[in-house]
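Okay, here's what each chain looks like letter by letter:
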Amino acid sequence: MRSKATRTAVTLGSIAAISTLLLTGCTAPSASNSSDTPVTQAEITKAMNTPTTITVWSWVPNFSTEVKQFEAKYPKITVKLSNVGQGLPEYTKLRTAIKAGQGPDVAQIEYQYIPSFQSDLQNLVPYGADKIKADYVSTIWGQVSKNGAVYGIPQDFGPMGNLYRSDILKKAGVTPPTTWAEYATAAQTIKDKTGSYISDMPGNDPGQFVGLLWQAGGRPFGFDGKKTVTVNIDSAVDQKVATYWNTMIQKGLVAVDPDFDNDWYQGLASGKYAGWLGAAWGPVFLQGTVAKTSGLWTASPLPQYSASGAQASSFWGGSADSVLNSSKNKIAAAEFTKFVNHDSTSSLTLATKQSLFPPLKSTLASPAFSGQKSDFFGGQTVNALYNTISGTVDPNFQWLPYMDYAYSSFNNTLGKAIADKTDLLTGLKAWQAQVVAYGKQQGFTVKTN
């Protein structure tokens, strides 16, 4: 699940400003001090029957529901739940708390930021994480594991698809595009016949653009889990994606409006945009944001670069619950992360009541989830569609241990080129240069291919 706060990009004036505000102390990670000694069932039983209070940071709405379920099963354990913000506000507070030795026992962290906290997180394999690995979508399990360690239990994720206004496409006489070439042709027809943009390509949302690079086969980031990173933002594949959207922007076929603000919401409601390249959390988001357009939307997979019929997608968004090394109650904390995300009742509650798209296979397959028909999408079983899409994602995608900087750098390089409608290839090269320079500044060995 994603909120407006996380998706709204941070705009900063310079590398120095970003470095100071976002990543103080973010250097190449040192070896973890956490214990990797396997925990026995006897130790777990004893810990869960000992009066204990654990602190949990989570931004999930109504997460107290799952907390109560956990406390009902383990009445000796009390959970102190706090919502300290989402995205960069949380991570800034988390780094400060860790430095002061006052971090929570459990923190919700988005997948792309787990590497930046890796040395502060407990490896959960000794606590039984490896025993539940097969119960999760394999592509998302790779987002929490590195070099045989597991740094969080997956809570939700966001496979990407194409959400479009079927009424606008019908008015334009356009068949839903299945390839990006068809998408470009459809964009011109829709603009000519209805005045609508086929979609919006915001310059303030690196998560969406990175998802499009991922889908195309781009691998802009890499991290060995130690001190070597790979920055390959300007690869031939990434240039292909940038060139495609550069052409669409220069022809005036897509808008370049900032997303997740009032004007953007109005654009979705008024039909300014005929679609949205959104993730699995998008359908529920739209139902609350543009309710008056109910029944006019359809969900489909992303268009493909090849007409062969082979499908590829990516993830945009999603998070895990991680246990901090500094926790004095690691067993109880680890059991909490497993319960809320692996217990069938808790997982289904998160999926059906709080609208988190679940990475737990049993919840994905549950008729109560995947069988839901959406009136907003004309009776379509949208969850089932996104479940299918999730299986088309290449798992070999990595993040940098300084993604907050990389995303902020996007805003004043490639993102600025998008917003200003200037050359996206120039913006791509500038983004590459900044992210490489920052990695070296922080003490990483930086590879560029």
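Anyway, here's the lowdown on the structure attached to this text. (Residues numbered from 1 in each chain as written. Predicted model: local features only at pLDDT ≥ 70, side-chain atom pairs only at ≥ 80, totals over all residues. Heavy atoms only, no water.)

Some remarks on the packing of helix α10 (residues 206-216) against helix α19 (residues 403-411)
Closest axis-to-axis distance for the α10/α19 pair is 10 Å, and the angle between their directions is 100°. In terms of their interaxial angle, α10 and α19 are classed as roughly perpendicular. Only Y407, F410 and N411 of α19 make contact with α10, whose side of the interface consists of P206, G207, F209 and V210. For the contact of α10 with α19, a count of residues per class yields five nonpolar, two polar and no charged. (Axes fitted to C-alpha atoms, helices over the stretch in contact; angles between N-to-C directions. Helix = DSSP H or I, 4+ residues; strand = E, 2+ residues; numbered from the N terminus. Parallel < 35°, antiparallel > 145°, perpendicular 65-115°, else oblique. Contact = heavy atoms within 4.5 Å. Nonpolar A, V, L, I, M, F, W, Y, C, P; charged D, E, K, R; others polar.)

Considering the pattern of salt bridges
Overall, the coordinates contain seven salt bridges when judged by the stated rule. Linking D167 and R165 is a salt bridge whose minimum nitrogen-to-oxygen distance equals 2.8 Å. Take R165: its relative accessible area is 7%, and that puts it in the buried class. (Salt bridge = Lys/Arg side-chain N within 4 Å of Asp/Glu carboxyl O. Buried < 20%, exposed > 50% of the residue type's maximum accessible area, 1.4 Å probe, protein only.)

So, helix α14 (residues 330-342)
Note on helix geometry: an α-helix contains 3.6 residues per turn, so any two residues three or four positions apart are oriented the same way. For α14, which comprises 13 residues, the first-to-last C-alpha distance of 17 Å matches the rise-based estimate of 18 Å (1.5 Å per residue) to within 8%. For α14, the full list of buried residues reads I331, A332, A333, A334, E335, F336, T337, K338, F339, V340 and N341. (Expected span 1.5 Å × (residues − 1).)

Regarding the side chain of T52
By secondary structure assignment, the location of T52 is in strand β1 (residues 52-57). Note on T52: relative accessible area 14%, which makes it buried. Setting aside its immediate chain neighbours within four residues, T52 contacts A47, K76, I77, T78 and N329.

A few points about helix α5 (residues 88-99)
End to end, α5 covers 16 Å across twelve residues, agreeing with the expected 16 Å (1.5 Å per residue, within 8%). Within α5, burial applies to L88, E90, Y91, L94, R95 and A97.

Examining the sheet that holds strand β10 (residues 275-276)
Here three strands make up an open sheet; going across it, the order is β10-β7-β11 and the pairing antiparallel. With one partner strand each, in any of the chains shown, β10 and β11 (297-301) form the two edges of the open sheet. Here strand β7 (residues 161-165) runs beside β11; their pairing, made up of five bridges, is antiparallel. Its bridge partner lying in β11, N162 is registered against S300. Helix α18 (residues 382-390) contacts β7 and β11 of the sheet and is inclined by roughly 15° relative to β11. (Pairing = 2+ DSSP bridges.)

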